[in-house]
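# Structural overview for review
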Amino acid sequence: MFPTHDALDPGALARLVEERGHGALYFPEHTHIPASRATPYPSGGELPWKYAHTYDLFVAMTAAAVATTRLRIGSGICLIIERDPIVTAKEVASIDHLSGGRVDFGVGAGWNREEMANHGTDPDRRFGLMRERVEAMKAIWTQGEASYHGEQVRFDRIWSWPKPAQHPHPPVLIGGNGPRVLDRVLRYGDGWVPQHRHGTAIGRIDELRRRAAEAGRGHVPVVIFGVPPDAAVLAGYEQAGFDRAVHWLPSAGRGPVERALERFEAAVAELHGE
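What you see is a predicted model, and the numbers here were worked out from it, not measured in a lab.

## Digging into the packing of aromatic side chains
For the structure on display, the rule yields eight aromatic pairs. Look at Phe105 and Trp141: their rings are 6.0 Å apart centre to centre, the planes differ by 85 degrees, and that puts the pair in the edge-to-face class. Residue Phe105 is located in strand 3 (residues 103–107), and its partner Trp141 is located in helix 5 (residues 126–142); the two are separated by 36 residues in the primary sequence. Among the aromatic residues, those joined into a cluster by ring pairs are Phe2, Tyr41, Tyr51, Trp111 and Trp248. Its guanidinium or amino end placed over the ring of Trp248, Lys50 lies 5.5 Å from that ring's centre, counting from NZ or CZ. Over the aromatic face of Trp161 sits the side chain of Lys163, whose NZ or CZ is 5.0 Å from the ring centroid.

## Some points on the environment of Ala215
Tracing the chain through its elements places Ala215 in the loop between helix 7 (205–214) and strand 8 (223–225). Judged by its relative accessible area of 55%, Ala215 is exposed. Sequence separation between Ala215 and Val66 is 149 residues; the distance between their C-alpha atoms is 38 Å.

## Notes on the side chain of Arg126
Its place among the elements puts Arg126 in helix 5. No salt bridge is formed by the buried Arg126, whose closest oppositely charged neighbour, Asp124, lies at an N-O distance of 5.4 Å. A polar contact is formed between the side chain of Arg126 and the backbone oxygen of Ala109, at a distance of 3.3 Å. With sequence-adjacent residues up to four places away left out, Arg126 is seen in contact with Ile81, Ala109, Gly110, Arg113, Met116 and Thr121.

## Some points on the nonpolar core
Counting residues in each nonpolar core, the largest one holds 68 residues, and the members touching the most others are Leu13, Phe105 and Leu208. Sorting elements by how many residues they give to this core places helix 5 first, with eight residues. In this structure, Leu13 is in contact with Met1, Leu8, Leu25, Phe27, Leu249 and Val257, ignoring residues within four places of it in sequence. In this structure, Ala24, Leu173, Val223 and Phe225 belong to the second largest nonpolar core, which totals seven residues.

## Remarks on the layout of surface pockets
In this model, the largest pocket occupies a volume close to 910 Å³. Together, 35 residues line the largest pocket, and Ile77, Trp111, Gln195, Arg197 and His198 are the ones closest to its centre. Contributions of two or more residues to the lining of the largest pocket are made by strand 2 (72–78) and helix 5. With three residues, helix 5 is the largest single contributor of residues to the lining of the largest pocket. Taken as a whole, the second largest pocket encloses approximately 690 Å³ of empty space. Forming the walls of the second largest pocket are 32 residues, and the residues nearest its centre are His22, Arg244, Ala245, Val246 and Phe264. Broken down by secondary-structure element, the contributors of at least two residues to the lining of the second largest pocket are strand 1 (24–27), strand 8, helix 8 (231–240), strand 9 (244–246) and helix 9 (254–271). Examining the composition of the lining of the second largest pocket, we find that five residues originate from one element, helix 9, more than from any other.

Each value, and the rule that gives it
- Residues numbered from 1 in each chain as written.
- Predicted model: local features only at pLDDT ≥ 70, side-chain atom pairs only at ≥ 80, totals over all residues.
- Heavy atoms only, no water.
- Phe/Tyr/Trp six-rings, centres within 6.5 Å; stacked < 30°, edge-to-face > 60°.
- Helix = DSSP H or I, 4+ residues; strand = E, 2+ residues; numbered from the N terminus.
- Lys NZ or Arg CZ within 6 Å of the ring centre and 35° of its normal.
- Buried < 20%, exposed > 50% of the residue type's maximum accessible area, 1.4 Å probe, protein only.
- Lys, Arg positive; Asp, Glu negative; His and termini not counted.
- Salt bridge = Lys/Arg side-chain N within 4 Å of Asp/Glu carboxyl O.
- Polar contact = N/O pair within 3.5 Å; in protein donor to acceptor, adjacent residues only side chain to side chain.
- Contact = heavy atoms within 4.5 Å.
- Core = buried A, V, L, I, M, F, W, Y, C linked by side-chain atoms within 4.5 Å.
- 1 Å grid on protein atoms, 1.4 Å probe; cavity = no way out; pocket = protein on both sides within 12 Å on 5 of 7 lines; lining within 4 Å.
- Points joined across faces, edges and corners; volume = space filled by probe spheres on them.

Structural data, given as structure tokens:
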């Protein structure tokens, strides 16, 4: 859910989702939306107003973490190309430590070119920057005295605690459906987060499994985002071996959120023959 200031707050939402038996809650990120609107909305039409009204990602994740005890809390996704990797590494590690190891760290390279540029990021170099920032964060999480030297990210010998509760670090889930996304997953990711709306994820799952085996990797989790409340769609992803299906909730008050959860839960129940 986009956790907007006029919707059910992140802590209350997280408690509700946990109480209803779900396994995870993910929040997306946009630090701002450029008023120029030069970059078109990828889904077409007008950009929903919630994109400009969302809370800071890590504030929302913290509120959700402290309100729950077992729910996994995730970024879906963090625009790491717009964030300092040293600061972000500490934020992720802090939430993971405070939550007892319940963070899923989803990352992506984004689509709004003006938004990237406002953060000093060259849109044409964003994928290389994403890789280097993730690699740098992994060094900070896993090394007592970390250094990193890339083309766009460089630092020498730093100390940063706390370290994450999860070992060696929270799973880094690479978002995207583009032609090279599996290259990124296998190079520096721990899992893949495709979007249902593109309709391409099931057709690529065998390639991911084959390439992971060739690389000596174990099971690579796949979390499909934007799944509708439809038992047949859920069955397709279950049969293909996807690990988690994530359904969008409205940025609204408790009533609409509960009704959306009920529709999704009814589809899950139908899938299971209940």
